[in-house]
Amino acid sequence: LYIVCYLGLYRHGDRSPIKTYPTDPYKESDWPQGFGQLSQEGMKQHFELGQFLKKRYTGFLSEDYDRHEIFIRSTDVDRTLMSAEANLAGMFPPNGSEVFNPDLKWQPIPVHTVPAAEEKLLSFPLDDCPRYAQLMNETEKTDFFLNMTVTYKAFIEMVKNKTGLKKTSIETIWSVYDTLFCEAKHGMRPPDWVTSSVMETLKVLKNFGFQIMFGVYKRKEKCRLQGGLLLDQIIKNLSNAAALDSKQKVKMIVYSAHDTTVVALQEALNVFNGLQPPYASCHLFELHKEENGTFSVEMFYRNDTNVSEPYPVSLPGCSQRCPLQDFVNLTREVIPQDRNKECQI
Ligand SMILES: CCCNC(=O)[C@H](O)[C@@H](O)C(=O)O
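Computed from a prediction, not measured in an experiment: that's the story for all the values here.

Undergrad: Could you clarify how one ought to interpret the packing of aromatic side chains in this entry?
TA: Applying the stated criterion across every chain, the model contains ten aromatic pairs. Consider the rings of Tyr65 and Phe92, whose centres lie 5.6 Å apart with planes at 70 degrees: the pair is edge-to-face. Pair noted here: Tyr65 is in the loop between helix H1 (40-56) and strand E2 (70-74) and Phe92 is in the loop between helix H2 (78-91) and helix H3 (130-139), with a separation of 27 residues, a long-range link. When sorted by exposure, Tyr65 lands in the same class as Phe92, which is buried.

Undergrad: Where do I start with the nonpolar core in this structure?
TA: Note that soluble globular proteins tend to have their nonpolar side chains buried in a common cluster. Among the nonpolar cores identified, the biggest contains 73 residues, and Leu202, Phe285, Leu287 and Phe327 are the most heavily contacted of them. Take this core: its biggest share by element is nine residues, from helix H7 (residues 196-214). Apart from the residues lying within four places of it in its own chain, the contact partners of Leu202 are Phe155, Val159, Ile173, Val176, Tyr177 and Leu180. Grouped together as the second largest cluster of nonpolar side chains are 23 residues, Phe52, Ala84, Met252 and Val254 included.

Undergrad: What exactly am I supposed to notice about the side chain of Asp24 here?
TA: With respect to the helices and strands, the residue Asp24 is situated in the loop between strand E1 (2-11) and H1. For the buried Asp24, no salt bridge exists, and the shortest N-O distance to an oppositely charged side chain is 5.5 Å, to Lys27. What Asp24 contacts, discounting residues up to four positions off in sequence, is Thr179 and Glu183.

Undergrad: Is there a simple way to explain the pattern of salt bridges in this structure?
TA: Oppositely charged side chains can pair when the atoms bearing their charge come close. One pass over the structure, following the stated rule, counts 20 salt bridges. Arg73 is the salt-bridge partner of Glu119, the closest N and O atoms lying 2.9 Å from each other. Placement of Glu119 in the loop between H2 and H3 and of Arg73 in strand E2 is noted, with a sequence separation of 46 residues between them. Ionic pairing is found between Asp232 and Lys236, a salt bridge with its closest N-O pair at 2.7 Å.

Undergrad: Explanation requested: the state of the cysteines in the structure shown.
TA: Note on terminology: a disulfide is the covalent bond linking the sulfur atoms of two cysteines. Within this structure, the stated rule accounts for two disulfides. Shown here is the disulfide that connects Cys129 with Cys343, its sulfur atoms set 2.1 Å apart. Residues Cys129 and Cys343 share a disulfide whose torsion about the S-S bond is about -100 degrees; that sign makes it left-handed. Residue Cys129 is found in the loop between H2 and H3, and its partner Cys343 is found in helix H12 (residues 339-343); the two are separated by 214 residues along the sequence. For the pair formed by Cys129 and Cys343, the shared burial category is buried. Residue Cys318 pairs covalently with Cys322 via a disulfide, S to S 2.1 Å. In this structure, the disulfide formed by Cys318 and Cys322 twists by about 95 degrees around the S-S bond and is classed as right-handed. Here the two residues Cys318 and Cys322 agree in accessibility, since each one is buried.

Thresholds applied
Residues numbered from 1 in each chain as written. Predicted model: local features only at pLDDT ≥ 70, side-chain atom pairs only at ≥ 80, totals over all residues. Heavy atoms only, no water. Phe/Tyr/Trp six-rings, centres within 6.5 Å; stacked < 30°, edge-to-face > 60°. Helix = DSSP H or I, 4+ residues; strand = E, 2+ residues; numbered from the N terminus. Buried < 20%, exposed > 50% of the residue type's maximum accessible area, 1.4 Å probe, protein only. Core = buried A, V, L, I, M, F, W, Y, C linked by side-chain atoms within 4.5 Å. Contact = heavy atoms within 4.5 Å. Lys, Arg positive; Asp, Glu negative; His and termini not counted. Salt bridge = Lys/Arg side-chain N within 4 Å of Asp/Glu carboxyl O. Disulfide = S-S within 2.5 Å.

This is a description of form; function is not addressed.
Next up, the structure:
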């Protein structure tokens, strides 16, 4: 009974806003590194997550960094590349013969990536799929969506006037909430119109944006065209590790990405809780070998560092410790067989 391999997908750490809104009193120059950059808070969050992962897998992962044991891939975005680097600094401080500079408790560890234009594994939603675009148009005609826009029509109009945004949609509301959230987190006083109830309502609309992205309407088909690609690769990694068993070298695969990546994957697994994944939140897969020689998959979601253990997550229709074959069978419906064909309209 031991863990054959684990796979973790995490969101980057705390960052500066991606952009501001026209009337925002704060500008890009108010941020030390400009827009979209990992903050020192974000670096600390990932350093801590790295320490957590190292401790969790002590006894399965070697104490010292071993390039055969762990593989890290990040999207080609500063904040995710830097998050992975801070994470690895927490996981593998050099000891003994690994120290290359006695004044530095750090060693370089490769973070792999692909150019953003070629990224098909870790960036969602992918914008290369006409059928997905059609599904999103159809989503905007559902009662669920129409009710939300009617319920919040006056609120969205107010936000439009206060922010000076030309057009406001659920999408643009997302970025207003995000900007205000980042500014508040970094001690920047919000304009008077931004009361705590306005922030709460913006948060509801932001989470609504995540819910409809890969769910609410035709979830399975949306997931086949989006997060199913990542889930397919993860299942291939786990099945491959099971086939190799003790000859398996790679013990840990880490993906450093975004909130939408975590949501795309969790919707494909049908375990999304409807809330934006927090900074440095992490979805874990653990492949176990049972006494009887069979393999099973456990999942966990670490979205709250005030709780010492990550939450166990169960694939609907399976036990928390899910036999690998059942895991494969239950997720088959969201794995695309021929995505190019399925994207055509
Ligand atoms: C267009 C802006 C897209 N947003 C991002 O890339 C962010 O990293 C977002 O995904 C996040 O996790 O904060």
